[in-house]
Amino acid sequence: MIMLGDDFVAYRRLERAFFEAEPVQVAKELLGKLIVRNDSGTTMVAKIVECEAYLGDGDKAAHFNDNKVTQRTKVVYDHGGLAYIYLIYGMYNCFNIVTGKSGEAGAVLIRAAEPIDGIQCMHRNRFGSYELASGNLRNLTNGPGKLCMAMNIDRRFYGEDLVESNELFIAQGEKIEKENIIEAKRVNIDYAQEAADFLYRFYIRDNKFVSKK
């Protein structure tokens, strides 16, 4: 049970087996699932609406392409369901989820989410106060850096086990039917040669919180 306002709400977290599939499958099935962040007793919840799959072999867009192991990417070779968080542009955190079984490199980047609960707290995290947000709900979590800032997810959670953690986990949400899942090219990976054309970005059709359509 997690405290949400004055009520106790049970979120049914995803089990390990969900994350042990290959990255493309996990990415599609993550759409509609819930990110649950328990931050010092305050609960924030957001529905995943956009994500990208990254593979360990033959994917030049991945940090761990050709199964490259570095201090930053070592968690990707652990078992599925762990958090892989890194910094881009020296200032923005990106929240990824490790996929596959131990030794099988793969991850899914959470690109955007739809705020569900704890929205005032998300506004304060992003803009300093709820009033300064000016009701701009769409802009709150419609990008990987924005999402992490709003939900207070940073590199402290590198390696966090999302199956067991009480601070950050993924829970069941709504099922997104195949016809409502859009497949597209990933964003900002022009350097990745042929991998730049892989249709490994997935988002919910007509959802206004998607970062780029």
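Residues numbered from 1 in each chain as written. Predicted model: local features only at pLDDT ≥ 70, side-chain atom pairs only at ≥ 80, totals over all residues. Heavy atoms only, no water.

**Q** Explain the layout of surface pockets residue by residue, including any values.
**A** Over the atoms a probe the size of a water molecule is rolled, and this reveals where empty space is left. Here the largest pocket is characterised by a volume of approximately 490 Å³. Elements supplying a minimum of two residues to the lining of the largest pocket: β4 (42-55), β5 (83-88), β6 (92-98), β7 (106-117) and α4 (144-150). Looking at the lining of the largest pocket, the element that brings in the most residues is α4, giving four residues. A volume near 290 Å³ is recorded for the second largest pocket. For the second largest pocket, the full set of lining residues is Lys 28, Glu 29, Leu 31, Lys 33, Gln 172, Gly 173, Glu 174, Lys 175, Ile 176, Lys 178, Ile 181 and Glu 183. (1 Å grid on protein atoms, 1.4 Å probe; cavity = no way out; pocket = protein on both sides within 12 Å on 5 of 7 lines; lining within 4 Å. Points joined across faces, edges and corners; volume = space filled by probe spheres on them. Helix = DSSP H or I, 4+ residues; strand = E, 2+ residues; numbered from the N terminus.)

**Q** Kindly report on the nonpolar core, identifying the contributing residues and their values.
**A** By size, the foremost hydrophobic cluster in this structure holds 47 residues, and its most contacted members are Leu 30, Ile 35, Phe 95, Ile 110 and Ile 170. At six residues, β4 tops the list of elements feeding residues into this core. In contact with Phe 95, other than residues within four places in its own chain, are Ile 35, Ala 83, Tyr 84, Ile 85, Val 108, Leu 109, Ile 110, Cys 148, Ile 153, Leu 162, Leu 168 and Ile 170. The next biggest cluster of nonpolar side chains, apart from the first, holds 18 residues, and it includes Phe 64, Tyr 77, Tyr 84 and Ala 107. (Core = buried A, V, L, I, M, F, W, Y, C linked by side-chain atoms within 4.5 Å. Buried < 20%, exposed > 50% of the residue type's maximum accessible area, 1.4 Å probe, protein only. Contact = heavy atoms within 4.5 Å.)

**Q** Provide a residue-level description of the confidence of the model for the protein chain, including the pertinent values.
**A** Across the protein chain, pLDDT averages 91, with 92% of residues at or above 70. In the predicted structure, residues 1-8 sits below a pLDDT of 50 and forms 17 contacts with residues beyond four places in sequence or in another chain. (pLDDT = per-residue confidence, 0-100.)

**Q** Describe unusual backbone geometry, with residues and values.
**A** The backbone of Ser 40 shows a phi angle near 55°, a positive value even though the residue is not glycine. Counting through the fold element by element, Ser 40 comes out in the loop between β3 (34-39) and β4. By relative accessible area, which is 75% here, Ser 40 ends up exposed.

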